[in-house]
Amino acid sequence: MTTQVERYQSTGRDFMARAWDYLADGDLRQASEKGWGAAAQMVKCVAHRRRWQHRSHQSLFTVIDRLAEEAGDRRLGILFHAANSLHINFYEGWMSPRLVRDGLSQVSELVDRLGALLDD
């Protein structure tokens, strides 16, 4: 049986892969939103494992701040800000392909770092 943590992690990794596919197809808005979705799902994954609140956009920022403090890794917050910028781009559409690609690279790093925290 699949746990909620496994579902969040699987969905986050699936969204990350789909983000790269959308970027390759030139769909910058969908690439951006899937990048944000990957980050959000992975934050929820770690939060759920720790039994922390993760039901709102605001709570995701609280979780990432708490994780950065707990792990001594301020880069988590920086990477999450990149994900949030991608989320904004879904609505605004102002990012160039290069900026979306760079943002997705940062989100990919965030997904990996959050995945490593699941073992803690």
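Everything here concerns the structure above.
A brief report on the enclosed structure follows. (Residues numbered from 1 in each chain as written. Predicted model: local features only at pLDDT ≥ 70, side-chain atom pairs only at ≥ 80, totals over all residues. Heavy atoms only, no water.)

## Topic: a nonpolar patch on the surface
- On the surface, Ile88, Trp94 and Leu99 cluster together into a nonpolar patch covering about 280 Å² of accessible area.
- Residue placement: Ile88 occurs in helix 4 (residues 75-92). (Patch = residues over 30% accessible without salt bridge, like charges linked within 9 Å, V, L, I, M, F, W, Y side chains within 5 Å. Areas by Shrake-Rupley, 256 points an atom, 1.4 Å probe, with all protein chains shown as cover. Salt bridge = Lys/Arg side-chain N within 4 Å of Asp/Glu carboxyl O. Helix = DSSP H or I, 4+ residues; strand = E, 2+ residues; numbered from the N terminus.)

## Side note on the pattern of salt bridges
- If you walk through the whole model with that rule in mind, you get eight salt bridges.
- In this structure, Asp112 engages Arg13 in a salt bridge whose closest nitrogen and oxygen atoms are separated by 3.6 Å. On the criterion of sequence distance, the pair formed by Asp112 in helix 5 (residues 97-117) and Arg13 in helix 1 (residues 4-24) is long-range, its members being 99 residues apart.
- Residue Asp112 is classed as partly exposed on the basis of its relative accessible area of 47%.
- Classification of Arg13 as partly exposed rests on a relative accessible area of 36%.
- The partner of Asp14 in a salt bridge is Arg18, with the nearest N and O atoms 3.5 Å apart. Pair noted here: Asp14 and Arg18 are both in helix 1, with a separation of four residues, about one helical turn.
- Note on Arg18: relative accessible area 31%, which makes it partly exposed.
- Look at the salt bridges and you will find they share partners, linking Asp73, Arg75, Glu109 and Arg113 into a network. (Buried < 20%, exposed > 50% of the residue type's maximum accessible area, 1.4 Å probe, protein only.)

None of the figures reported here should be taken as evidence of function without further support.
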